[in-house]
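Observations on chain architecture
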Amino acid sequence: MFIDGKTIYFDSRPVITGSAGVVGKKEGEGPLGGDFDEIFEDTTMGQDSFELAESAMLHAAIIKALSNAKKSPSEVTFAMTGDLLDQCVGSCFAVKDLQIPFIGMYGACSTMALALANAAILVDGGADCCVAGASSHFCSSERQFRFPLEYGGQRPPTAQWTVTGAGAATVEQENEQNRRDSVKIKAVQIGTITDLGIKDANNMGAAMAPVYVSMDS
């Protein structure tokens with residue numbers, strides 16, 4: 001790899017060989033409902049807490065992404081996932097039974113992109129296979145990350161909601177078998193922090209606008 005400014009270019013072209021997305025009932029009812037691999041009708045996913053439900057979603061997404069890539073957990077060099085919970089505990093419980101070397105990621109809304117970037121860097125550096133993932137759950141995130149549900153704050157109709165869902169992707173070195181049909185990661189760009197002074201906690205879109213400006217430029 002070589003670095004030019006904020007951009008890391010890869011000598012090889014790491015490829016995404018499998019991916020999966022699982023969501024909750026509300027997300028499944030939206031316009032993208034037909035694109036998800038699994039939709040959970042029960043927001044607790046049969047678990048005893050929303051936090052455990054989030055772990056179950058991420059675990060399901062990872063297993064599905066590995067299956068789509070025709071990989072077993074034992075073939076994965078590193079797993080890197082993140083969430084909005086304290087100490088990335090949702091990711092820890094999602095991955096612990098898979099016995100894959102684990103790297104916790106935290107980037108809030110950028111966690112999936114951050115995990116994919118680091119997976120590509122590791123694969124370009126010699127790792128055979130990495131799995132990247134991210135998750136959030138409306139109830140666990142609101143309780144730990146934004147406004148506690150028990151606080152009873154009134155949400156305006158235009159406020160964004162934290163998604164209930166999880167996604168994962170398997171990243172591997174390019175070879176003859178996966179070269180033609182897989183999505184290739186040619187480079188990643190690491191941005192700088194830009195604070196536009198947005199003070200409306202309900203307007204997450206405005207706070208993240210500089211990211212999209214940077215991507216477009």
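Up top is the structure.
Description of the structure in this document. Being a predicted model, the structure only gives us computed values, none of them experimental. (Residues numbered from 1 in each chain as written. Predicted model: local features only at pLDDT ≥ 70, side-chain atom pairs only at ≥ 80, totals over all residues. Heavy atoms only, no water.)

**Quick notes on the side chain of Ser-140**
As a reminder of what qualifies: Helical segments are the DSSP runs of H or I of at least four residues, strand segments are the runs of E of at least two, and each set is numbered from the N terminus. N or O atoms within 3.5 Å of each other form a polar contact, as long as, within protein, one can give a hydrogen and the other can take it, and as long as residues adjacent in sequence are counted only when both atoms are side-chain atoms. By the convention used here, residues are in contact when the closest approach between their heavy atoms is within 4.5 Å.
Its location among the elements puts Ser-140 in helix α5 (residues 138-144). Here Glu-54 takes part through its side chain, which lies 2.7 Å from a polar atom of the side chain of Ser-140. For Ser-140, the side chain forms a polar contact with the main-chain oxygen of His-137, separated by 3.2 Å. Other than its neighbours up to four places away in sequence, Ser-140 contacts Phe-50, Glu-51, Glu-54, Leu-85 and Phe-145.

**Structural notes on the pattern of salt bridges**
In plain terms, the rule: Salt bridges are counted wherever a side-chain nitrogen of Lys or Arg sits within 4 Å of a carboxyl oxygen of Asp or Glu.
For the coordinates displayed, the defined rule picks out five salt bridges. We note a salt bridge from Lys-96 to Asp-97, for which the minimum N-O separation is 3.0 Å. Here the residues in one salt-bridge network are Lys-71, Glu-75 and Glu-172, joined through shared partners.

**Let's talk about the environment of Asn-203**
What counts, and what does not: Working definition: with a 1.4 Å probe on protein chains only, accessible area under 20% of the residue-type maximum means buried, over 50% means exposed, and in between means partly exposed.
For Asn-203, the position within the fold is in the loop between β10 (187-189) and α6 (204-216). Assessed through its relative accessible area of 31%, Asn-203 is described here as partly exposed. For the pair Asn-203 and Ala-134, spaced 69 residues apart in the sequence, the C-alpha separation amounts to 22 Å. Only 3.2 Å separates the side chain of Asn-203 from the backbone nitrogen of Ala-206, close enough to count as a polar contact.

**A word on unusual backbone geometry**
The residue Met-45 is not glycine, and still its phi comes out positive at about 50°. According to the relative accessible area criterion, Met-45 is buried, its value standing at 13%. Non-glycine residue Gln-99 carries a positive phi angle of around 55°.

Read these as layout, nothing more, since geometry by itself doesn't imply function.
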